[in-house]
Amino acid sequence: MTLKFKKDSTKIREYKLERGQSVSIGRLDSNDIVIENLAVSGHHAKIDWAGNGFLLTDLKSKNGTFVNDQLAISHWLKGKDVITIGKHVLIFEYAQGEVQPDMGDKAMSETMVMDTGKYRSMLAKNVSNIAAQAGETEKLGILSFLSGGDGEVELSKKLTKLGKNASSDIVLKGFMVGQTAATISKRPDGYYLSYVGGISKPKVNGKAVKESVSLKQFDVIEIGSAKMQFIHKS
C-alpha cells in the first residue's frame, strides 16, 4: 500500500504503508507525515492497521479531514481514496497484484458525512484567521527610545496607551503632552498610532498625526520630549 502526497496536482512524495503499521499526519515534526501549512493541526489525523484494513481517523482537527470530498471522522480506506488535509492531497493506493480487503458495509458505517460546502466555507474563514494571528505572532511591534526615555517597549497589547498619566503603558513627560496623548492599536494588518488628546500632537517622521496612521518599519514617533522608533521584530 502507498500514500501519494500531492499539492496542486504536483506529486511531492510517496509513502509506503505496511500491515501492522500506524502513521500520524500533522504540522508538527513529530509526525510521520509532516504537512507544513497553517490549515493543518499539530496532530491532524492518523492511519492505523486495524485487523483487516487501514482505518483513517481525524484527531479532532480544527479544519477537518476529507475523504473523496466528504468530511470524515473515521473511514476505512479503499484503493484510490483521496484524502484532503488543508490544501494537500494524499492518495491511498494498493500495489499492482496486491489483494484489497473486502470491508463490506463497514466502511460506510464508520464514516461520518457532513455538508462539505458549508464546512469548506468555514474552513476558508478559519485559515484566514489563523494566518492573521500567525502574522501578529511573527511580527511583534517594538518601540525603541531614541531620546526622552530608555530601552525598548514591546507592543504586545491590543491597545497601548501613551501619555503623562501614571496609568499609561508608556509614561511620557511634557507640559503640552496629554494625559493620554496617543494610542497604538494592534490589528491583523499591522499597528496603528492614533492621536487622542493634548496640545502637542504626536508626529510620525516629522508629520503631525491628526487622527490615525499605519506604522511602518523604522518610523520615528515624537510625542513631547520623547522620540521613539517603531520596529517590527519577527
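The name given to the protein in an unreviewed UniProt entry is FHA domain-containing protein, with the source organism recorded as Desulfonema magnum.

Caption draft 1: Representation of the side chain of Asp 219. Position of Asp 219 among the secondary structure elements: in the loop between β20 (212-214) and β21 (220-223). Buried charge without a salt bridge: Asp 219, with Lys 216 as the nearest opposite-charge side chain at an N-O distance of 5.7 Å. Sequence-distant contacts of Asp 219, that is, excluding residues within four places in its chain, are made with Val 204, Asn 205, Ser 214, Met 228, Gln 229 and Phe 230.

Caption draft 2: Molecular detail of the pairing of strand β11 (residues 88-93). In terms of burial, β11 is largely enclosed, as five of its six residues are buried. Two strands pair when backbone bridges link them, and strand β10 (residues 81-85) and β11 are joined in this way by five bridges, in the antiparallel orientation. Looking at β11, one finds that Asp 81 is bridged to Phe 92. The antiparallel pairing of β10 with β11 creates a hairpin that spans two residues between the two strands, and Gly 86 there sits at a positive phi of about 65°.

Caption draft 3: Up close: the pattern of salt bridges. Tallied over the full model, the rule gives five salt bridges. We note a salt bridge from Asp 81 to Lys 78, for which the minimum N-O separation is 4.0 Å. Note on Asp 81: relative accessible area 3%, which makes it buried. Residue classification places Lys 78 among the partly exposed residues on the basis of a relative accessible area of 31%. Through salt bridges with shared partners, one network takes in Lys 4, Lys 80 and Glu 93.

Criteria and cut-off values
- Throughout this document, residue positions are counted from 1 along each chain, in the order its sequence is written.
- Where local features are concerned, this predicted model is filtered to residues with pLDDT of at least 70; where side-chain atom pairs are given and counted, the filter is 80 or more; whole-chain, interface and lining totals use all residues.
- Side-chain metrics rest on all non-hydrogen atoms present in the structure, leaving aside hydrogens and water.
- Here a helix means four or more residues in a row that DSSP labels H or I, a strand means two or more in a row labelled E, and each is numbered from the N terminus.
- Residue burial is assigned from relative accessible area. The probe radius is 1.4 Å, only protein chains are included, and a residue is buried under 20% of its type maximum, exposed over 50%, and partly exposed in between.
- A positive count includes Lys and Arg, and a negative count includes Asp and Glu. His and the chain ends are not counted in either.
- Salt bridge, as used here: a side-chain nitrogen of Lys or Arg that lies within 4 Å of a carboxyl oxygen of Asp or Glu.
- Any two residues whose heavy atoms approach within 4.5 Å are treated as being in contact.
- Strand pairing is defined by DSSP finding a minimum of two bridges between the two strands.

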